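As a plain string of letters, each chain reads:
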Amino acid sequence: MEETKIYNTKELRNKLIEDTLKEVKEILEERGYNPYNQIVGYLMSGDVGYISSHKEARKKILDFERAEILEVLVKNFLSWDI
């Protein structure tokens, strides 16, 4: 008999956001953009024009609210041992 697994949906969603940001970063680099400037520009302004539509990067990042993305970034940054 198999055990029931319990998944934390918040953790799964955060991991999905992390993976998506990494993928968008790679796509922006591939197009010759500075991915950090582009992602920050988008997060600060809400203007999706900062994110290329190449390989559906724009669509991918729009799957998440900007506040969700910022929460993941801040949580990850603050968890570093600096």
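Residues numbered from 1 in each chain as written. Predicted model: local features only at pLDDT ≥ 70, side-chain atom pairs only at ≥ 80, totals over all residues. Heavy atoms only, no water.

J.: Looking at this model, I keep getting lost on the overall build of the protein. Mind explaining?
T.: Of the regular secondary structure elements, the protein holds four helices and zero strands. Ordering the α and β elements of the protein from the N terminus gives α-α-α-α. A compact globule built from 82 residues would reach a C-alpha radius of gyration of about 12 Å, whereas the protein, at 15 Å, exceeds it by more than 25%. When its C-alpha atoms are laid out on the principal axes, the protein stretches across 50 × 30 × 20 Å. The buried share among the 82 residues of the protein stands at 24%. (Helix = DSSP H or I, 4+ residues; strand = E, 2+ residues; numbered from the N terminus. Rg over C-alpha atoms; globule rule 2.2 N^0.38 Å. Buried < 20%, exposed > 50% of the residue type's maximum accessible area, 1.4 Å probe, protein only.)

J.: It is not clear to me how a nonpolar patch on the surface should be interpreted in this structure. Could you clarify?
T.: On the surface, a nonpolar cluster with roughly 470 Å² of combined accessible area is contributed by Val-74, Phe-77, Leu-78 and Trp-80. Mapped onto the fold, Phe-77 is located in helix 4 (residues 66-78). We classify Phe-77 as partly exposed; its relative accessible area is 43%. (Patch = residues over 30% accessible without salt bridge, like charges linked within 9 Å, V, L, I, M, F, W, Y side chains within 5 Å. Areas by Shrake-Rupley, 256 points an atom, 1.4 Å probe, with all protein chains shown as cover. Salt bridge = Lys/Arg side-chain N within 4 Å of Asp/Glu carboxyl O.)

J.: Just to check I follow, could you spell out the side chain of Asn-14 for this structure?
T.: Turning to its location among the elements, Asn-14 is positioned in helix 1 (residues 9-30). For Asn-14, a relative accessible area of 9% puts it in the buried group. Residues contacting Asn-14, with those up to four places away along its chain left out, are Val-72 and Lys-75. (Contact = heavy atoms within 4.5 Å.)

J.: Got a minute to help me understand the pattern of salt bridges in this structure?
T.: One pass over the structure, following the stated rule, counts six salt bridges. Across the pair Glu-71 and Lys-10 runs a salt bridge whose closest N-O atoms are separated by 3.2 Å. One end of the pair, Glu-71, is in helix 4; the other, Lys-10, is in helix 1, with 61 residues separating them in the sequence. Overall, Glu-71 belongs to the partly exposed group, its relative accessible area being 41%. The exposure class assigned to Lys-10 is partly exposed, which follows from its relative accessible area of 43%. With a shortest N-O distance of 2.4 Å, Lys-60 and Glu-23 are connected by a salt bridge.

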